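Listed below, chain by chain, are the residues.
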Amino acid sequence: MPLENIPRIALYQPDIAGNTGTILRLAACLGIGVDIIEPAGFDLSDRTLKRAGMDYLEMAALTRHVDWNAFEAARRAKGRRLVLLSTRAATAYTDFAFAPTDTLLFGRESAGVPDHVHETAEERLVIPMVEGARSINIALSVAMVAGEALRQLP
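Residue positions are given per chain, counting from 1 as you read along its sequence in written order. A pLDDT threshold of at least 70 governs which residues receive local features in this predicted model, and a stricter bar of 80 or more applies before side-chain atom pairs are shown or counted, although totals over entire chains, interfaces and linings include all residues. Side-chain metrics in this entry use all non-hydrogen atoms of the structure; hydrogen atoms and water are not considered.

Chemist: Tell me about the overall build of the chain, residues and numbers included.
Modeler: Numbering of helices and strands runs from the N terminus; a helix is a DSSP stretch of H or I covering at least four residues, while a strand is a stretch of E covering at least two. When helices and strands are counted, the chain shows five helices and seven strands. Shown N-terminal to C-terminal, the secondary structure of the chain runs as helices and strands in the order β-α-β-α-β-α-β-β-β-α-β-α. For the chain, the C-alpha radius of gyration of 14 Å lies close to 15 Å, the compact-globule estimate for 154 residues. Looking at the 154 residues of the chain, the share that counts as buried comes to 46%. Here the open area of atoms and residues is found with the Shrake-Rupley method and a 1.4 Å probe, where only the protein chains shown may cover a residue. When the accessible area of the chain is evaluated, it comes to approximately 7,700 Å², of which 53% is carbon and sulfur surface. Our radius of gyration is a C-alpha quantity, and the globule rule it is checked against amounts to 2.2 Å times the number of residues to the power 0.38. Buried residues are those whose accessible area, probed at 1.4 Å on protein chains only, stays under 20% of the maximum for their type, while exposed residues exceed 50% and partly exposed ones sit between those limits.

This is the structure:
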């Protein structure tokens, strides 16, 4: 399936190189494009990403954006719907109808996304967790939601 016909993953200012590498590896194996919205909390050099993503970096369809505004301009130009995963959302990701033009946005491991980014999203989804649980590792969250999005699409 061509990359423009499936959802993309977007990482807002990721903090941890290992998580980003794991997500890039997953995306490469599933044929999903990834947008990284800078600045990141680690060196985004190819060397760092290669170490974190192993030999999958060459396979990854990675687009880097210098900031939120650059990402937003690119996303809007392509007519992609922004779907934010947030612990502040009310709709479970399993109760949502994904579309091929969705961009699945995941926030920083340490802080999520700022309010203006939260408000920009057309849809906000949550991964339901047991009472008292704070969060699931971002790489696992991406795998769960991307897997559900791909499962729903023809």
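Chemist: Break down the layout of surface pockets for me, with residues and values.
Modeler: Points on a 1 Å grid, built from protein atoms alone, make a cavity when a 1.4 Å probe fits but cannot get out and make a pocket when they are open with protein on both sides within 12 Å along at least 5 of 7 lines; residues with an atom within 4 Å of a point are the lining residues. Grid points are joined across faces, edges and corners, and a volume is the space filled by probe spheres set on the points. Of the voids in this model, the largest pocket is the one considered here, and its volume is about 630 Å³. As for the largest pocket, its lining consists of 25 residues, and the residues nearest its centre are T87, R108, E109, G112 and S135. When residues of the lining of the largest pocket are traced back to their parent elements, those giving at least two are β4 (81–85) and α5 (138–152). For the lining of the largest pocket, a count of residues per class yields 11 nonpolar, 10 polar and four charged. Residues were grouped as follows: Ala, Val, Leu, Ile, Met, Phe, Trp, Tyr, Cys and Pro as nonpolar; Asp, Glu, Lys and Arg as charged; and all remaining residues, including Gly, as polar.

Chemist: Can you tell me about the sheet that holds strand β6 (residues 102–106), naming the residues and giving the values?
Modeler: Paired strands, as defined in this entry, are two strands with at least two bridges between them according to DSSP. Pairing in this open sheet of seven strands is parallel, and the strands run β3-β2-β1-β6-β4-β7-β5 from one edge to the other. Looking at the sheet topology across the chains shown, the edges are occupied by β3 (61–65) and β5 (91–92). In terms of strand pairing, strand β2 (residues 33–37) meets β3 through five bridges, oriented parallel. Note on β3: the bridge partner recorded for G33 is A61. Taken strand by strand, helix α1 (residues 17–30) contacts β1 (8–12), β2 and β3, and its axis lies near 170° from that of β1. Contacting β1, β2, β3, β4 and β6, helix α3 (residues 68–77) crosses the sheet at an angle of about 135° to β4. In what follows, a contact means two residues having at least one pair of non-hydrogen atoms within 4.5 Å. Orientation is described by lines fitted to C-alpha atoms, with helices fitted over the stretch in contact, and by angles between N-to-C directions that extend from 0 to 180 degrees.

Spatial relationships are all this shows, so hold off on functional conclusions.
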